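The lines below spell out each chain.
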Amino acid sequence: MQEIDFYLVDAFSDTSFGGNPAAVCPLNEWLPDETLLKMAQQHNQSETAFFVCTKGGIELRWFTTLTEVNLCGHATLAAAHVLFNELDYPDSRIHFDTASGRLTVSREGEWMTLDFPACPTREETPPPEMLAALGIRDYVEARKGRAWVIVLENRQQVEALAPRFSAMMPGEHKVSVTAPGEGEYDFVSRFFSPGVSVPEDPVTGSAHTMLIPYWSEKLGKTAMFARQVSARGGDVRCELKGGRVLMSGQASCYLKGTVYLR
């Protein structure tokens with residue numbers, strides 16, 4: 001029997017039941033992909049992060065309940081939280097080797113900052129069936145990068161969306177819907193990806209790799225404060241630095257225990 005440490009972390013939140021939950025499992029060595037997927041399915045979270053510490057660095061991978069993905073912001077933040085707060089990682093900066101290259105997480109007080117590559121978007125016409133499934137009749141702008149970005153007029157329109165997820169599959173299912181913010185927030189968003197078993201993601205780092213460059217240009221500023229207005233909700237401090245985006249958030253450990261593999 002193999003024993004593996006298990007953590008459930010609420011990322012992009014300083015309290016329980018907020019932000020985006022992710023399971024985190026440190027491993028001594030990589031298990032077969034089939035085992036990793038079954039573990040993610042058993043955990044039944046939007047993402048499970050697995051990492052292995054080697055002499056060359058820390059290798060990090062992410063699995064939904066359906067498949068491995070090549071980039072996940074909130075599970076990276078959760079993994080860094082475990083390293084910093086549960087495993088006594090000695091430095092203030094962690095480098096992860098991932099399918100998306102080397103990703104860095106730094107810590108300053110209670111806030112951690114993800115350093116990810118920015119994802120450019122281009123203006124395109126979205127599929128009518130996707131808009132219909134989202135319940136969107138009119139939009140300000142539509143762009144395409146690693147996923148669709150649909151811009152609406154205001155926060156209220158984003159919050160009011162009630163997508164029909166079954167109508168988004170098969171087809172274009174990864175989409176970030178965004179709008180200008182109000183008060184302290186520069187912009188707001190929601191993210192949907194039912195095709196990888198994540199109907200709505202509460203707080204999405206990978207989507208902000210597209211949103212930060214877009215809103216930086218629109219607003220004429222490089223430092224911004226964003227809110228993902230899902231039911232759980234989460235705050236993201238954002239900054240554009242050349243071809244990189246910095247996304248800062250807090251995290252809270254909700255549960256820790258042991259996985260027993262037989």
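Remember, it's a predicted structure, so these values are computed and weren't measured experimentally.

A. Structural view of the overall build of the protein chain. Each helix and strand in the protein chain was counted, giving five helices and 18 strands. Its C-alpha atoms give the protein chain a radius of gyration of 18 Å, within 12% of the compact-globule value 18 Å for 262 residues. When the backbone C-alpha atoms are referred to their principal axes, the protein chain occupies close to 55 × 40 × 30 Å. For the protein chain, restricting intrachain contacts to residue pairs at least 6 apart in sequence, the fraction spanning at least 24 positions comes to 61%. For the protein chain, the separation between the mean place of its 24 positive charges and that of its 33 negative charges on side chains is 2 Å.

B. Spotlight on the pattern of salt bridges. The tally for this structure, following the rule as stated, stands at 15 salt bridges. Close ionic contact of E141 with R143 constitutes a salt bridge, the shortest N to O distance being 2.9 Å. Judged by relative accessible area, E141 falls into the buried class, the value being 10%. Put simply, R155 and E159 hold a salt bridge, and the shortest N to O gap is 2.9 Å. Separated by four residues within a single helix, R155 and E159 lie in helix α4 (residues 155–160), roughly one turn from each other. Of the residues examined, E159 reaches a relative accessible area of 39% and is grouped as partly exposed. A single network of salt bridges, built from pairs that share partners, joins D33, R61 and E68.

C. Geometry of unusual backbone geometry. The omega torsion across M169 and P170 is -10°, close enough to zero to call that bond cis. Topologically, P170 is positioned in the loop between α4 and β12 (175–180). Its identity as a non-glycine residue notwithstanding, S197 has a phi of 65°, on the positive side. Positionally, S197 belongs in the loop between β13 (187–193) and β14 (198–201).

D. Geometry of the packing of aromatic side chains. Evaluation of the coordinates by the stated rule reveals seven aromatic pairs. Between the aromatic rings of Y185 and F225, the centroid separation amounts to 5.1 Å while the plane-to-plane angle is 25°, which identifies the pairing as stacked. Of the two residues, Y185 is situated in the loop between β12 and β13 and F225 in strand β15 (residues 223–228); the sequence distance between them amounts to 40 residues. Overall, the relative accessible area of 13% leaves Y185 in the buried class. By relative accessible area, which is 19% here, F225 ends up buried. Directly above the ring of W30 sits R61, whose terminal nitrogen or CZ lies 5.1 Å from the centroid.

E. Examining helix α2 (residues 73–85) more closely. For α2, spanning 13 residues, the distance from its first C-alpha to its last is 18 Å, which sits close to the expected 18 Å at 1.5 Å a residue. Judged by how many residues are buried, α2 sits mostly within the fold: twelve of 13 residues are covered.

F. Spatial organisation of a nonpolar patch on the surface. Judged by side-chain polarity, F17, Y254 and L255 come together as a nonpolar surface patch covering roughly 340 Å² of accessible area. On the secondary structure map, L255 appears in strand β18 (residues 251–261).

G. Structural context of helix α1 (residues 33–43). Buried within α1 we find L36, M39, A40 and H43. What you see down the axis of α1 is that its buried residues fit within an arc of 100°, all on one side. Away from its buried face by more than 90 degrees, α1 exposes E34, K38 and Q42. Among the structural elements, β1 (2–11), β2 (20–27), β3 (48–54), β4 (57–63) and β18 are those in contact with the buried residues of α1. One or two residues past the end of α1 sits N44, with phi positive at roughly 60°.

H. Spotlight on the pairing of β15. Here β13 runs beside β15; their pairing, made up of three bridges, is parallel. Across the sheet, the residue bridging to F187 is A226, located in β15. In sequence, β15 turns back onto strand β16 (residues 234–241) through a hairpin of five residues, with G233 there showing a positive phi of about 75°.

I. Representation of the nonpolar core. Counting residues in hydrophobic clusters, the biggest one holds 50 residues, and the most contacted among them are V24, W62, F96, F187 and I212. Sorting elements by how many residues they give to this core places α2 first, with eight residues. Judged by nonpolar contacts, the second largest core, of 18 residues, contains L152, L161, F192 and V229.

Conventions we followed
Residue numbers here run from 1 along each chain, matching the order of that chain's written sequence. Given that this is a predicted model, residues contribute local features only at a pLDDT of at least 70 and side-chain atom pairs are listed and counted only at 80 or more, while totals for whole chains, interfaces and linings are drawn from all residues. Side-chain figures throughout are based on the complete set of non-hydrogen atoms in the structure, without hydrogens or water. A run of H or I in DSSP becomes a helix once it reaches four residues, and a run of E becomes a strand once it reaches two; helices and strands are each numbered from the N terminus. It is over C-alpha atoms that the radius of gyration is taken, and the globule rule equals 2.2 Å times the number of residues to the power 0.38. Any two residues having at least one pair of non-hydrogen atoms within 4.5 Å are treated as being in contact. Neither His nor the chain termini are counted; the positive set is Lys and Arg, and the negative set is Asp and Glu. Where a charge lies is defined by one atom per residue type, namely NZ (Lys), CZ (Arg), CG (Asp) and CD (Glu). Only one rule defines a salt bridge in this text: a Lys or Arg side-chain nitrogen within 4 Å of an Asp or Glu carboxyl oxygen. The buried label applies to any residue whose accessible area, calculated with a 1.4 Å probe on protein chains only, is under 20% of its type's maximum; exposed applies above 50%, and partly exposed to all values in between. Any pair of Phe, Tyr and Trp rings, taking the six-membered ring for Trp, is counted once the centres come within 6.5 Å. Such a pair is stacked with planes under 30 degrees apart, edge-to-face with planes over 60 apart, and tilted for the rest. Lysine and arginine charges are scored as sitting over a ring when NZ or CZ, respectively, is within 6 Å of the ring centre and within 35 degrees of the ring normal. Given a helix with a known number of residues, its expected span is that number minus one, times 1.5 Å. In this analysis, a patch consists of residues with relative accessible area above 30% that form no salt bridge, clustered at 9 Å for like charges and at 5 Å for the nonpolar side chains Val, Leu, Ile, Met, Phe, Trp and Tyr. Here the open area of atoms and residues is found with the Shrake-Rupley method and a 1.4 Å probe, where only the protein chains shown may cover a residue. Along the arc lie the directions from the helix axis toward the C-beta atoms. What makes two strands pair is DSSP finding at least two bridges between them. Side-chain atoms within 4.5 Å link the members of a nonpolar core, which is a set of buried Ala, Val, Leu, Ile, Met, Phe, Trp, Tyr and Cys residues.

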